[in-house]
Amino acid sequence: MIHVQNLTFSYSKFPFIENMNFEVGKGEIFGFLGPSGAGKSTLQKILIGLLTNYTGSVQVNGCETKRKNRNFYEHIGIDFEFPSFYEKFTAAENLNFFASLYQMPCIPTKDLLAMVGLSADADKKVSGFSKGMKSRLNFVKSLLHRPDILFLDEPTSGLDPTNSKQMKEIIADCRDKGTTIILTTHNMYDATELCDRVAFIVDGSIKALDTPHNLMLAKKENILEYSYLENGVEMQKQTPLKTVSEDTLLQNLIAENALLTIHSKEPSLEDVFREITGRELK
Amino acid sequence: MKRLFNLLKGDILQQYKYGFYWLYLFVTLLYLIALYFFPDGWKTTVGRVIVLTDPMLFGYMFIGAIILFERSEKVTNALSVMPIHPIEYLFSKLISLGLISLLSSEVIMLGGGVPQHCFWTPFGILAGSFLFTMVGMIQACRISTLNGFIMWMIPTMLIAILPPILYLCGIDGWWQQLMPGTAILQIISNNHFLWLPSLVLSVYLLLAFWLAMKNIKTLLVNE
Ligand SMILES: Nc1ncnc2c1ncn2[C@@H]1O[C@H](COP(=O)(O)OP(=O)(O)OP(=O)(O)O)[C@@H](O)[C@H]1O
Ligand SMILES: [Mg+2]
């Protein structure tokens, strides 16, 4: 669905994105993970044809994005970071209007609103919507024409846990129906949960690219953490999982049934990110 | 074609929701009443000045407001990744504001007893509305605040209105013939084809069209 080869791009005379390569397959959720200013939005703008003065090749849905025509947008959907609506229109009027600009039949407005729990607000003006409501409306606006590729920029930011979960379910559902999804985020929980593969982006280049699972396994060793009482004081200890048989203290505690807590700790994607790139995600 | 029609529907709904049509109605009625009190000998001249200045320059002010609203609401961002073409965006705005301009002008002229030609007068009104809508559009694409737009408004109005007013007062220099306002005034006041005003107006329209398209392309991509 997406082929990027030797992509080089810069806003100024200093190089920014240099010789970037990656591919995204059909029905995959691919995450761009990186700190602020890393170039995630820039990369997204190149992929959706808004920045065209790059060199190298960027093929999206079989089309070199710098040579796209307006038809290109019949098949891709974009949820920008900031909501964009006619504030004086109601939610339904907004969706109906945007849907009317596509050639193919769109998902009915009332189904879209129901998907994100906005059915009761269909006839309210968007100017009166809260930030989270606008985010949800913006999200369904991006998928109303059943795009083949969906670009999501921080879709869950500003949402409460319930709505955030609901949105992630919709995203996974789209993937199951064959939609390719590019997810841009700083949120490593979302990335771990949703993405089939993630790319770590820092300073305009990809520092690592793999499934969240492989990234987490490959990098840091897993640790067993346990606690016990010693002279009435709670003590905590960590031991690498692969040498756990050498920990005699643990064995004694087990034999005496004296453990207070015990759990294995896998490194989070955030830990891995820090280790590979030397940078914090936020 | 279907997309242009739907864009137009959206624009009309938007203009309605912002109360533009009520404003048009109010101003049109106000002018009709004012015209009623002018002596018969004056009605034609005053009526033409009203038609020249008001409905057309309303298009100019409204398009300024519309573009600034759409930019602040980021609707232009949304449209930049939808399958609409810049020319459809432009035509939808021109048609919606042109038609309301024409309607309001016709009400003033028919209601106020101002004589007109059945083709050249509406033609001139529409061409004038298109021109000033595009001028407003170009300016609103380049500045970002309402105050900035108002700064542009004053010189624009003067350039648009002063030459035809002077012309009506009997001052008729060659330079006035090259101004868009005079060209429009002559077209709407005559009942036959005038080659010089038509040529002048065509040149302005083409220039404005070229600049408007350039600015819309930037507007629909770069923000
Ligand atoms: N239009 C522009 N002109 C010049 N420089 C820009 C422009 N847009 C972005 N930049 C620069 O490019 C770099 C990458 O910005 P970008 O918006 O792609 O980051 P990001 O990874 O999306 O960050 P965030 O997580 O904050 O959204 C930044 O240094 C930014 O200042
Ligand atoms: Mg960004």
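Above: the structure in question.
Residues numbered from 1 in each chain as written. Chains lettered and ligands numbered in written order. Predicted model: local features only at pLDDT ≥ 70, side-chain atom pairs only at ≥ 80, totals over all residues. Heavy atoms only, no water.

Residues and elements named next belong to chain B. Together, Leu-146, Ile-150, Ile-154, Leu-158 and Leu-162 line one region of the surface with nonpolar side chains, adding up to about 470 Å² of accessible area. Relative to the assigned elements, Ile-150 resides in helix α7 (residues 146-168). Using a relative accessible area of 37% as the deciding quantity, one classes Ile-150 as partly exposed. (Patch = residues over 30% accessible without salt bridge, like charges linked within 9 Å, V, L, I, M, F, W, Y side chains within 5 Å. Areas by Shrake-Rupley, 256 points an atom, 1.4 Å probe, with all protein chains shown as cover. Salt bridge = Lys/Arg side-chain N within 4 Å of Asp/Glu carboxyl O. Helix = DSSP H or I, 4+ residues; strand = E, 2+ residues; numbered from the N terminus. Buried < 20%, exposed > 50% of the residue type's maximum accessible area, 1.4 Å probe, protein only.)

Let's shift gears to the pairing of strand β10 (residues 205-210) of chain A. Here 5 bridges tie strand β9 (residues 197-202) of chain A to β10(A), and the two strands are oriented antiparallel to one another. Across the sheet, residue Phe200(A) finds its bridge partner in β10(A), namely Ala208(A). (Pairing = 2+ DSSP bridges.)

Moving on, we get to the site of ligand 1. Residues and elements named next belong to chain A. With respect to spatial proximity, the complete set of residues near ligand 1 consists of Tyr-11, Phe-16, Pro-35, Ser-36, Gly-37, Ala-38, Gly-39, Lys-40, Ser-41, Thr-42, Glu-81 and His-186. Within the contact set of ligand 1, a nitrogen atom lies 3.2 Å away from a side-chain nitrogen or oxygen of Tyr-11. In the model, an oxygen atom of ligand 1 is placed 2.8 Å from a nitrogen or oxygen of the His-186 side chain. The fraction of the free accessible surface of ligand 1 (640 Å²) that becomes covered by protein chains is 57%. Of the residues belonging to the shell around ligand 1, the class tally is 4 nonpolar, 6 polar and 2 charged. (Near = heavy atom within 4 Å. Polar contact = N/O pair within 3.5 Å; in protein donor to acceptor, adjacent residues only side chain to side chain. Nonpolar A, V, L, I, M, F, W, Y, C, P; charged D, E, K, R; others polar.)

Attention shifts here to unusual backbone geometry. Residue and element names in this part refer to chain A. A positive phi is found at Asn-61, a non-glycine position, where the angle reads about 55°. Topologically, Asn-61 is positioned in the loop between β4 (55-60) and β5 (63-64). Among the residues examined, Asn-61 registers a relative accessible area of 28% and is labelled partly exposed. Backbone geometry places Asp-203, a non-glycine residue, at a positive phi of 50°. With respect to the helices and strands, the residue Asp-203 is situated in the loop between β9 and β10.

Here the focus is the interface of chain A and chain B. Contacts between the two partners involve 24 residues from chain A, matched on the other side by 23 residues from chain B. Interface area for chain A against chain B, summed over the two sides, is near 2400 Å², with a carbon-plus-sulfur share of 66%. Of all residues in chain A, Arg70(A), Tyr86(A) and Leu101(A) bury the most surface against chain B, accounting for 28% of the area lost on that side. Summed over the shared surface of chain A and chain B, the number is 2 salt bridges. Lys17(B) serves as the salt-bridge partner of Glu93(A), at 2.5 Å between the closest nitrogen and oxygen. On inspection of chain A and its partner chain B, the count reaches 9 residue pairs in polar contact (both at pLDDT 80 or more). With 3 residues, helix α2 (residues 91-99) of chain A is the single largest residue contributor to the side of chain A that touches chain B. Each residue belonging to the side of chain A that touches chain B can be placed in one class, and the counts come to 14 nonpolar, 4 polar and 6 charged. (Contact = heavy atoms within 4.5 Å. Buried area = accessible area lost by both parts, 1.4 Å probe.)

Structural measurements only, silent on function.
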